[in-house]
Amino acid sequence: MNKYLDISPEVREALANGRPVVALESTIISHGMPYPQNVETALRVEKTIRENGAVPATIAVIGGRLKAGLSEAEIEYLGKKGRGVAKASRRDLPVLVAGGRDGATTVTTTMIIASMAGIKVFATGGIGGVHRGAETTMDISADLEELAQTPVMVICAGAKSILDLGLTLEYLETKGVPVIGYGTDELPAFYTRRSGFKVDYRLDTPEEVAAAFRAKLDMGLHGGMLVTNPIPEEYSMDPERINAAIDEAVAEAAQKGIKGKETTPFLLARIKDITGGDSLASNIQLVLNNARLASAVAKCLANG
Ligand code: PSU
Ligand code: MN
């Protein structure tokens, strides 16, 4: 095993016995939601996964150790420290680990650490992608590159239209990443069930999703798979309202000259402020929904 990796006893035992495990990221805790809702949500997501017959493995870097499976105290620590914890992408891991520092893992680094631990299924809210205006800024999330190379299935609610969704799909196509719509032909746009863009394939059951990923692994095709699961209807937001908030946030980021790793956290925080917290309630519900699907898919993979 990787000498920098610590797997919690619960996760270690589940993996040793071939039981289903679902990875969870920690940027959503430290940077994606305010305290204390971030900690409450993280614990609720873990509970939902247990209730659905799988074992949660929340992933982070703490004191320079790569962690797969956190204690409640560690989740509380990351949530309370919030933006004081570095947002850790692939390029950040060497310095954080060598320096004994903390890092909140993005989709990218959660995939890396999940893969080191032997975890194949990962549930989150939204992924990074090709930003609007990337033709000139070249701001393309490392998440897309990771999906191209690391064998972990990411179950999300699509991507927010803070991104250029069309270009994000083009990039994933180039990189050979299958984009699955769970029960839908259309890419969901995080807060809403529809985006106007088609996914590659619609699959309707956890068994079909697990079988597709199993086939990918068995063929030795490197990289992951993106499963997009629409937010439940009752929690979806009015598209006009959310898109107006997103446009305002994007314009403000441009005007303030926000760049690099700050862009996504800035946009997420502004959208939450502009929508007066309604978007947070939707965000929490879609993560729970993804945790349920991920548990079901992880069970199918464990049984197959
Ligand atoms: N998009 C969301 N919510 C999030 C993120 C993105 O809707 O919490 C976080 C995830 O951790 C994702 C990261 O991996 O932001 C992408 O950051 P960047 O765009 O800087 O690659
Ligand atoms: Mn970026």
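Note that the structure is predicted; figures quoted are calculated from it, not measured.

K.L.:
How should unusual backbone geometry be read in this particular structure?
P.N.:
Note: most residues except glycine have negative phi, and most peptide bonds are trans. In this structure, the amide linkage connecting Tyr35 to the following residue, Pro36, adopts the cis form with an omega of 5 degrees. In this fold, Pro36 is placed in the loop between α2 (27-32) and α3 (37-51). In this structure, Met138 is a non-glycine residue whose phi angle is positive, near 60 degrees. Residue placement: Met138 occurs in the loop between α7 (134-137) and α8 (142-149). A relative accessible area of 68% means that Met138 is categorised as exposed. The phi angle at Phe190 is positive, at roughly 65 degrees, despite the residue not being glycine. For Phe190, a relative accessible area of 1% puts it in the buried group.

K.L.:
What is the right way to look at the site of ligand 1 in this model?
P.N.:
Among the 14 residues in the neighbourhood of ligand 1, the closest are listed as Glu25, Lys87, Ser141, Lys160 and Thr264. Separating an oxygen atom of ligand 1 from a side-chain N or O atom of Lys87 is a distance of 2.7 Å. A distance of 2.7 Å separates an oxygen atom of ligand 1 from a polar side-chain atom of Asp143. Here ligand 1 has 470 Å² of accessible area as a free molecule, and 91% of this is covered by the chains. Residues that form the shell around ligand 1 fall into these classes: 4 nonpolar, 6 polar and 4 charged.

K.L.:
How should the side chain of Glu46 be read in this particular structure?
P.N.:
By the secondary structure assignment, Glu46 is in helix α3. Judged by relative accessible area, which is 6%, Glu46 ranks as buried. When sequence neighbours within four positions are dropped, the list of residues in contact with Glu46 reads Leu24, Pro56, Thr58, Leu70 and Ile75.

K.L.:
Got a minute to help me understand the packing of α8 against helix α9 (residues 165-174) in this structure?
P.N.:
For any two helices packed against each other, one specifies the inter-axial angle together with the distance between the axes. Remark: α8 packs on α9, axes separated minimally by 10 Å, with the N-to-C direction vectors making an angle of 30 degrees. Judged by the inter-axis angle, α8 sits roughly parallel to α9. Here α8 runs over α9; the crossing is right-handed. The segment α8 lies against α9, with Leu144, Glu145 and Leu147 engaging Thr168, Tyr171 and Leu172.

K.L.:
Please explain the pairing of strand β11 (residues 225-228) as it appears in this structure.
P.N.:
Within a regular strand, side chains alternate between the sheet's two faces. With burial as the criterion, each face of β11 is covered, one bearing Met225 and Val227 and the other bearing Leu226 and Thr228. Here strand β8 (residues 153-156) runs beside β11; their pairing, made up of 4 bridges, is parallel. Paired with Ile155 across the bridge in β11 is Val227. Across 3 bridges, the pairing between strand β9 (residues 179-182) and β11 is parallel. Following the sheet pairing, Val179 is matched in β11 by Leu226.

Rules used throughout
Residues numbered from 1 in each chain as written. Chains lettered and ligands numbered in written order. Predicted model: local features only at pLDDT ≥ 70, side-chain atom pairs only at ≥ 80, totals over all residues. Heavy atoms only, no water. Helix = DSSP H or I, 4+ residues; strand = E, 2+ residues; numbered from the N terminus. Buried < 20%, exposed > 50% of the residue type's maximum accessible area, 1.4 Å probe, protein only. Near = heavy atom within 4 Å. Polar contact = N/O pair within 3.5 Å; in protein donor to acceptor, adjacent residues only side chain to side chain. Areas by Shrake-Rupley, 256 points an atom, 1.4 Å probe, with all protein chains shown as cover. Nonpolar A, V, L, I, M, F, W, Y, C, P; charged D, E, K, R; others polar. Contact = heavy atoms within 4.5 Å. Axes fitted to C-alpha atoms, helices over the stretch in contact; angles between N-to-C directions. Parallel < 35°, antiparallel > 145°, perpendicular 65-115°, else oblique. Left-handed = near helix turned anticlockwise from the far one by under 90°. Pairing = 2+ DSSP bridges.

Note that every value here comes from positions in space, so none of it alone points to a role or purpose.
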